[in-house]
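# Structure at a glance
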Amino acid sequence: MALKKSQKSLKKGTKQKWRTKSGKPSTQGAKATGERYLPEKAIKSMSSKEYAATTRKKRADTKKGKQHSKQPKRIAKKTARHRK
């Protein structure tokens, strides 16, 4: 049986190594960093300033009670190609 488009996307995403830059948990436990989870290749392609900017945005949105936080546009463009 052929996979649906959404199933293919999920299957492909699980093959990627997603993590935070520090390697520590982002939101769970006492040592949560509040960092953004991204594919490892995306993290490597970003400068320290870009990663700091996207992490700042995520932390600010989390403080506001938002579960999901969009990345700054120019950073989103750069990381999008690594999620495909």
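Located above this text is the structure these notes cover.
For the structure given in this document, a descriptive report is provided here. (Residues numbered from 1 in each chain as written. Predicted model: local features only at pLDDT ≥ 70, side-chain atom pairs only at ≥ 80, totals over all residues. Heavy atoms only, no water.)

Within the secondary structure, Glu35 sits in the loop between strand 1 (18-19) and strand 2 (38-39). Of note is the side chain of Glu35, whose polar atom sits 2.4 Å from the side chain of Ser22. Here Thr33 takes part through its side chain, which lies 3.0 Å from a polar atom of the side chain of Glu35. (Helix = DSSP H or I, 4+ residues; strand = E, 2+ residues; numbered from the N terminus. Polar contact = N/O pair within 3.5 Å; in protein donor to acceptor, adjacent residues only side chain to side chain.)

Counting across every chain of the model gives 4 salt bridges. Notably, a salt bridge pairs Arg74 with Glu50, separated by 3.6 Å at the nearest N-O pair. Of this pair, Arg74 sits in helix 4 (residues 73-80) while Glu50 is found in helix 3 (residues 48-63), placing the two residues 24 residues apart along the sequence. Residue Arg74 is classed as exposed on the basis of its relative accessible area of 58%. (Salt bridge = Lys/Arg side-chain N within 4 Å of Asp/Glu carboxyl O. Buried < 20%, exposed > 50% of the residue type's maximum accessible area, 1.4 Å probe, protein only.)

All right, on to the nonpolar core then. Of all hydrophobic cores here, the largest spans 7 residues; its members are Leu38, Ala42, Ile43, Met46, Tyr51, Ala53 and Ile75. Within the residue set of this core, elements represented by two or more residues are helix 2 (40-45) and helix 3. Beyond its immediate chain neighbours, meaning those up to four positions away, Leu38 contacts Lys17, Trp18, Arg19, Ile43, Met46, Tyr51, Gln71 and Thr79. (Core = buried A, V, L, I, M, F, W, Y, C linked by side-chain atoms within 4.5 Å. Contact = heavy atoms within 4.5 Å.)

Along the chain, Arg19 falls in strand 1. Between the C-alpha atom of Arg19 and that of Arg36, which follows or precedes it by 17 residues, the distance is 8.1 Å. For Arg19, the residues in contact, after removing those within four places along its chain, are Arg36, Tyr37, Leu38, Glu40 and Ile43. For Arg19, the side chain forms a polar contact with the main-chain oxygen of Lys21, separated by 3.2 Å. Within the structure, the side chain of Arg19 is placed 3.4 Å from the side chain of Glu40, a separation counted as a polar contact.

Bringing helix 3 into the picture now. In a regular helix each residue adds 1.5 Å, so 16 residues correspond to 22 Å; helix 3 covers 22 Å between its end C-alpha atoms and thus fits that length. Regarding helix 3, the residues found buried are Glu50, Tyr51, Ala53, Thr54, Thr55, Lys58 and Asp61. Contacts from the buried residues of helix 3 go to strand 2, helix 2 and helix 4. (Expected span 1.5 Å × (residues − 1).)

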